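# Summary of structural features
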Amino acid sequence: MRTAQRIAELPPYLFAEIDRKKEAKQAQGIDVISLGIGDPDTPTPDRIVDAMAEAIRNPSNHQYPSYYGAKRYREACAQWMDRRFGVKVDANDETLALIGSKEGIAHIFLAFVDPGDYTLVPGCGYPVYHTGGILSGGLTHWMPMTEENGFLADFESTPADVLARAKMMFLSYPNNPTSAIATPEYFDRAIEFAREHDLLIIHDNAYSEIGFDGYKPPSFLERPGAKDVAIELFSCSKAYNMTGWRVAFAAGNATAIKALGTVKSNIDSGVFTAVQDAAIEALLGPQEVDELSALYQRRRDLVIDALAKIGLRAQMPKGTIYVWARIPEGYTSADFATKVLEEANVIVAPGNSYGPSGEGYIRISLATPDDRLEEAIARIEATL
Ligand SMILES: *Cc1c(COP(=O)(O)O)cnc(C)c1O
């Protein structure tokens, strides 16, 4: 049996070695605390679980879902966009149900990227922006992201020969892993750039509902002309603690939505309609996003304080569920993550696993109960 070359081309999973060490420790009965994963620790709100319980008893939900999403779900998505951002999208032509935004990210390559085409990818970001290219025969151009430029991906430095063969650009603010936020001016420059070079922008807004100190993350589609060049991805995963439910949506440019829908209709058969009904409740029912943001903000403060005490410099996040911290001199990200695991029995994510601009940093997830977070920081402190 011979697997495809593209499988061999996927980068090694950087957590694999860490996972192996973790399992070995756990087998010895050692308590390992993971600050590695971005998966909310608090449950899905009851109102959404109740909506699901009701929806699953509706026999019409038991059949194949509509490929593009139930009309009522897409209308709810459009209504939420209007309510939340004042952004108008047409439910029918400008929204699309996704089986989680990861699914949309992976499949958009098949809609836009031919073998040899480039995608402009943030220097550190959600791994599928890169691996989706490998799986579709496309090429990645990493856009540099530095602390000095506020971790705003530098698309303007892209070489002309790359631009000549570029089709798409991913952006994502509030950002995973750096927790940086973007300015409206940056978004406007990106729109201008995409127009100039005939690119589709995919703005991944997975953390649109998690903002701190009164900051409410915007929609990319609020910017004038955005819909001419962009789609935006929204997910119930982080906003409503629904990572396991697999439900999200794309909104924006009708051509891109249609192309992505065409790919999907040949691969999957849509989101379980009962889950779409639960997601309608999530989007349009009473929102608990302020409480959720307050929970992460409290944990953020706890982690930032503790890191300052041990001399690790970190960005002060305005959103997301991560703290992005500079590692001490003399280590690589992987070395430092390994040291922390070996000596403190704590897992942190090495920054380079998100792309080349992530080297020199670690990502700490705030999706960890307070007492475990405190314990983990105390243990790291003891090793330094
Ligand atoms: C969590 C995350 C996703 C995946 O979200 P799903 O909707 O659960 O697939 C996508 N992008 C970013 C930046 C994320 O952090």
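Please read all numbers here as calculations on a predicted model, not as lab measurements.

Rules of the game
Residues numbered from 1 in each chain as written. Predicted model: local features only at pLDDT ≥ 70, side-chain atom pairs only at ≥ 80, totals over all residues. Heavy atoms only, no water. 1 Å grid on protein atoms, 1.4 Å probe; cavity = no way out; pocket = protein on both sides within 12 Å on 5 of 7 lines; lining within 4 Å. Points joined across faces, edges and corners; volume = space filled by probe spheres on them. Helix = DSSP H or I, 4+ residues; strand = E, 2+ residues; numbered from the N terminus. Nonpolar A, V, L, I, M, F, W, Y, C, P; charged D, E, K, R; others polar. Buried < 20%, exposed > 50% of the residue type's maximum accessible area, 1.4 Å probe, protein only. Pairing = 2+ DSSP bridges. Salt bridge = Lys/Arg side-chain N within 4 Å of Asp/Glu carboxyl O. Near = heavy atom within 4 Å. Polar contact = N/O pair within 3.5 Å; in protein donor to acceptor, adjacent residues only side chain to side chain. Areas by Shrake-Rupley, 256 points an atom, 1.4 Å probe, with all protein chains shown as cover. Sits in = over half its atoms within 2 Å of the grid points. Axes fitted to C-alpha atoms, helices over the stretch in contact; angles between N-to-C directions. Parallel < 35°, antiparallel > 145°, perpendicular 65-115°, else oblique. Left-handed = near helix turned anticlockwise from the far one by under 90°. Contact = heavy atoms within 4.5 Å. Domains from an automatic or database assignment. Buried area = accessible area lost by both parts, 1.4 Å probe.

## Overview of empty space enclosed by the protein
By the definition in use, this model includes one cavity of 30 Å³ or more. A volume near 60 Å³ is recorded for the largest cavity. What lines the largest cavity is simply Trp80, Ser208, Glu209, Phe234, Ser235, Cys236, Ala239, Tyr240, Phe249 and Leu283. Elements represented by at least two residues in the lining of the largest cavity include exactly strand S7 (230-235) and helix H10 (236-239). Counted by class, the lining of the largest cavity contains seven nonpolar, two polar and one charged residues.

## As for the pairing of strand S12 (residues 361-365)
A regular strand places its side chains so that they alternate between the two faces of the sheet. In terms of burial, S12 is a largely internal element, five of the five residues being buried. Neither face of S12 is exposed, since Tyr361, Arg363 and Ser365 on one face and Ile362 and Ile364 on the opposite face are all buried. Alignment of strand S9 (residues 322-326) against S12, held across five bridges, turns out to be antiparallel. Within S12, the position partnered with Trp324 by the bridge is Arg363. Alignment of strand S11 (residues 349-350) against S12, held across two bridges, turns out to be antiparallel. Across the sheet, Ala349 pairs through a bridge with Arg363, a residue of S12.

## Comments concerning the pattern of salt bridges
If you walk through the whole model with that rule in mind, you get 27 salt bridges. The residue Glu156 makes a salt bridge to Arg189 at a minimum N-O spacing of 2.7 Å. Note that Glu156 is positioned in the loop between strand S4 (139-143) and helix H7 (160-164) and Arg189 in helix H8 (residues 184-197), a separation of 33 residues in sequence. According to the relative accessible area criterion, Glu156 is partly exposed, its value standing at 47%. Taking relative accessible area as the criterion, Arg189 reaches 39% and is therefore assigned partly exposed. Members of the salt-bridge network, linked through shared partners, are Asp31, Arg372, Glu375 and Arg379.

## Observations regarding the site of the ligand
Around the ligand, 13 residues are found, and the nearest of them are Asp204, Tyr207, Ser235, Ser237 and Lys238. At a separation of 2.6 Å, an oxygen atom of the ligand approaches a polar side-chain atom of Ser237. Here the ligand, which alone exposes 390 Å², has 94% of that area covered by the protein. Structurally, the ligand is housed in the largest pocket. Partitioned by chemical class, the residues of the shell around the ligand number four nonpolar, five polar and four charged.

## Quick notes on the packing of helix H4 (residues 71-85) against helix H12 (residues 273-284)
Between H4 and H12, whose axes approach to 9 Å, the crossing angle comes to 20°. Put simply, H4 runs roughly parallel to H12. Of the two possible hands of crossing, H4 and H12 adopt the one that is left-handed. Contacts between H4 and H12 involve Arg72, Tyr73, Ala76, Cys77, Gln79, Trp80 and Arg83 from the first element and Thr273, Gln276, Asp277, Ala279, Ile280, Leu283 and Leu284 from the second. Classifying every residue of the contact of H4 with H12 gives eight nonpolar, three polar and three charged.

## Let's talk about the environment of Phe109
Structurally, the position occupied by Phe109 is in helix H5 (residues 101-112). When its relative accessible area of 0% is taken as the criterion, Phe109 is described as buried. Ignoring anything within four residues of it in the chain, the contact list for Phe109 reads Thr119, Val128, Tyr129, Gly132, Gly133, Ser136, Met168 and Phe170.

## Some details on the domain arrangement of the protein chain
In terms of domain boundaries, the protein chain breaks down into domain 1 (5-43 + 289-383) and domain 2 (62-284). Taking only C-alpha atoms, the centre of domain 1 and the centre of domain 2 are 25 Å apart. Every contact between the two is made by 34 residues of domain 1 and, on the other side, 35 residues of domain 2. The contact between domain 1 and domain 2 buries some 3,000 Å² in all, and 58% of this surface belongs to carbon and sulfur atoms.

## Some words on the sheet that holds strand S6 (residues 200-204)
Ordered in space as S2-S8-S7-S6-S5-S3-S4, the seven strands form an open sheet in which the pairing is mixed. With partners counted over all chains shown, the strands left at the sheet margins are strand S2 (95-98) and S4, one partner each. Neighbour to neighbour, the strand axes of the sheet diverge by 20° on average, direction disregarded. For strand S3 (residues 118-122) and strand S5 (residues 166-171), the ladder comprises three bridges, and the chain directions are parallel. Its bridge partner lying in S5, Tyr118 is registered against Ala166. Of the strands in this sheet, S2, S6, S7 and strand S8 (248-252) touch helix H11 (residues 254-265), which is tilted by about 35° from S2.

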